[in-house]
Amino acid sequence: MLYQELLNSCRARFDAFFQNVPIFSNQFKWNEYNDECYRLMYSDNQEDSIATVKELKTMIPELTDMCKQCGAFFIPARNKSLPKYDVIMGKQHEEALMEFLSNKLNTIVCRADLENRSMPDCKVLKADGTIAAYFEVKFHGAPFVCALQKTGRYCYEGSATLDYKKIEKQLAIIDKLDAPVFYVHWIEYPCLKGVFFETSDQVKRYIAEQHETFEREKREGDEMKSAKAVYLKKMYSPLLQMKDFESFVTELSDLL
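Residues numbered from 1 in each chain as written. Predicted model: local features only at pLDDT ≥ 70, side-chain atom pairs only at ≥ 80, totals over all residues. Heavy atoms only, no water.

Engineer: I'm lost on empty space enclosed by the protein in this one. Help?
Structural biologist: The probe, sized like a water molecule, is rolled over the atoms to show the empty space still left. Applying the stated rule across the entire model yields 1 cavity of 30 Å³ or more. Estimated volume of the largest cavity: approximately 30 Å³. As for the largest cavity, its lining consists of E198, Q202, V203, Y206, P238 and Q241. Here the element with the most residues in the lining of the largest cavity is helix α9 (residues 200-208); it accounts for 3 residues. Looking at side-chain class alone, the lining of the largest cavity contains 3 nonpolar, 2 polar and 1 charged residues. (1 Å grid on protein atoms, 1.4 Å probe; cavity = no way out; pocket = protein on both sides within 12 Å on 5 of 7 lines; lining within 4 Å. Points joined across faces, edges and corners; volume = space filled by probe spheres on them. Helix = DSSP H or I, 4+ residues; strand = E, 2+ residues; numbered from the N terminus. Nonpolar A, V, L, I, M, F, W, Y, C, P; charged D, E, K, R; others polar.)

This is the structure:
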């Protein structure tokens, strides 16, 4: 599986970066339990009859205990946020993914937002130096444990967050670009793991349908940001409308 290749490729980087940081016991790890979660939560799941967490627990015996551990670990830390650390951590994932894709596609994948921070994070270059595609990376290491109570969606399916107002601004820029733009969701929950993606057109349609799902409460770290950098209104991209990592690599390869 391509996602396992990605984890193997960045293991040394993440072992060093998270050496003194408490992370969930199985973060950046994969075993047969994760195989089952991926199959039942994503591959074999149906958007018109999404498997409930209760149903999944009957099919994945380890899930019941893992859910208890997940809530105990993530709920107390939910309202704590250190913006400077979050930015550094986000760059680790972006760099790991760019390096992996560069090697896999045998091309240059680099930052696209150095001059304009509103641009998508990364770009994929063709052999002649022109841009084949852009992509924005969203790392999700903690599921929205209370999603069902707050948004009516299941945590594994409805936790891939986009900042509503920030994306609106970015889409205005994307409309002027001459290459396709993808939103890449790197998911590393205790259950579901993988890289999934959606197109900017999908995101645009989702916003147009007024899926401004939830306005979170302010967190401890918000006062450390400028007012313009605090985005409280969230939308949660639908997991089962996204394509998988293998499809993303294939699509990029075709664009090259």
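Here the narrative resumes.
Engineer: How should the packing of helix α1 (residues 2-9) against helix α10 (residues 245-255) be read in this particular structure?
Structural biologist: For any two helices packed against each other, the geometry comes down to the angle between their axes and how far apart the axes lie. Two elements in contact, α1 and α10, have axes whose closest approach is 8 Å; the angle formed by their N-to-C orientations is 85°. Classified by the angle their axes make, α1 and α10 are roughly perpendicular. Contacts between α1 and α10 involve L2, Y3 and L6 from the first element and F245, E246 and V249 from the second. Within the contact of α1 with α10, the residues separate by chemical class into 5 nonpolar, no polar and 1 charged. (Axes fitted to C-alpha atoms, helices over the stretch in contact; angles between N-to-C directions. Parallel < 35°, antiparallel > 145°, perpendicular 65-115°, else oblique. Contact = heavy atoms within 4.5 Å.)

Engineer: Help me understand the side chain of R111 in this model?
Structural biologist: Take R111: it is sitting in strand β1 (residues 109-111). Separated by 2.6 Å, the side chains of R111 and E94 make a polar contact. Side chain to side chain, R111 and D113 meet in a polar contact 3.0 Å long. Beyond its immediate sequence surroundings of up to four residues, R111 is in contact with E94, M98, D121, C122 and K123. (Polar contact = N/O pair within 3.5 Å; in protein donor to acceptor, adjacent residues only side chain to side chain.)

Engineer: Can you help me understand the state of the cysteines in this one?
Structural biologist: Linking two cysteines covalently via their sulfur atoms produces the bond known as a disulfide. Per the counting criterion, the structure on display carries 0 disulfides. For the unlinked cysteine C70, the closest cysteine sulfur is that of C67, found at 6.6 Å. You can see C155 has no disulfide; the closest cysteine sulfur is in C67, sitting 6.1 Å from it. (Disulfide = S-S within 2.5 Å.)

Engineer: How should I be thinking about the layout of surface pockets in this particular structure?
Structural biologist: Estimated volume of the second largest pocket: approximately 310 Å³. If you trace the second largest pocket, you find 21 residues lining it, with V53, C67, V145, C155 and Y156 closest to the centre. Of all the secondary structure elements, the ones that give two or more residues to the lining of the second largest pocket are α3 (32-43), α4 (53-59), α5 (63-74) and α7 (147-151). The biggest single contributor to the lining of the second largest pocket is α5, with 5 residues. Classifying every residue of the lining of the second largest pocket gives 16 nonpolar, 3 polar and 2 charged.

Engineer: Please clarify how the pairing of strand β2 (residues 122-125) should be interpreted in this entry.
Structural biologist: Within a regular beta strand, the side chains point alternately toward one face of the sheet and then the other, so they alternate between its two faces. Sheet topology note: the β1/β2 ladder contains 3 bridges and is antiparallel. Bridge pairing in β2 places R111 opposite C122. Alignment of β2 against strand β3 (residues 131-140), held across 4 bridges, turns out to be antiparallel. Bridging from a neighbouring strand, L125 pairs with I131 of β3. Counting the residues that bridge the hairpin from β2 to β3 gives 5 residues, and of these G129 lies at a positive phi of roughly 90°. (Pairing = 2+ DSSP bridges.)

Engineer: Looking at this structure, I do not really get the confidence of the model for the chain. What am I missing?
Structural biologist: The predicted coordinates should not be examined in detail at positions where pLDDT is low. The predicted model of the chain has a mean per-residue pLDDT of 87, with 87% of residues at 70 or higher. Low pLDDT, under 50, characterises residues 214-232; the predicted model gives this stretch 33 contacts beyond four residues in sequence or across chains. (pLDDT = per-residue confidence, 0-100.)

Engineer: Before we go on, may I ask you to explain the sheet that holds strand β9 (residues 243-244) in this structure?
Structural biologist: Within a sheet, neighbouring strands are paired by backbone hydrogen bonds and run either parallel or antiparallel to one another. Within the open sheet, the 6 strands sit side by side as β1-β2-β3-β5-β6-β9. Their pairing is mixed. Two strands lie at the open edges of the sheet, namely β1 and β9, each paired on one side alone. Pairing of strand β6 (residues 193-199) with β9 involves 2 bridges; the strand directions are antiparallel. Across the sheet, F196 pairs through a bridge with D244, a residue of β9. Here α1 sits on the sheet and contacts β5 (181-188) and β6; the angle it forms with β5, its principal contact strand, is near 75°.

Engineer: Explanation requested: the environment of D244 in the structure shown.
Structural biologist: In this structure, D244 sits in strand β9. Residues D244 and E198, spaced 46 residues apart in sequence, show a C-alpha to C-alpha distance of 9.2 Å. In this structure, D244 is in contact with Y38, Y42, V195, F196 and F197, ignoring residues within four places of it in sequence. Within the local environment of D244, its side chain forms a polar contact with the side chain of S247, the two groups lying 2.7 Å apart.

Engineer: What am I meant to see in the pattern of salt bridges here?
Structural biologist: Pairing between side chains of opposite charge can happen when the charged atoms of each approach one another. Within this structure, the stated rule accounts for 14 salt bridges. The partner of R117 in a salt bridge is D113, and the shortest N-O contact between them spans 3.7 Å. According to the relative accessible area criterion, D113 is buried, its value standing at 2%. A salt bridge links K204 to D175; its shortest N-O distance comes to 2.7 Å. Of the two residues, K204 sits in helix α9 while D175 sits in the loop between α8 (164-174) and β5, which places them 29 residues apart along the sequence. Assessed through its relative accessible area of 33%, K204 is described here as partly exposed. Classification of D175 as exposed rests on a relative accessible area of 51%. Within the structure, one salt-bridge network assembled from shared partners comprises E94, R111, D113 and R117. (Salt bridge = Lys/Arg side-chain N within 4 Å of Asp/Glu carboxyl O. Buried < 20%, exposed > 50% of the residue type's maximum accessible area, 1.4 Å probe, protein only.)

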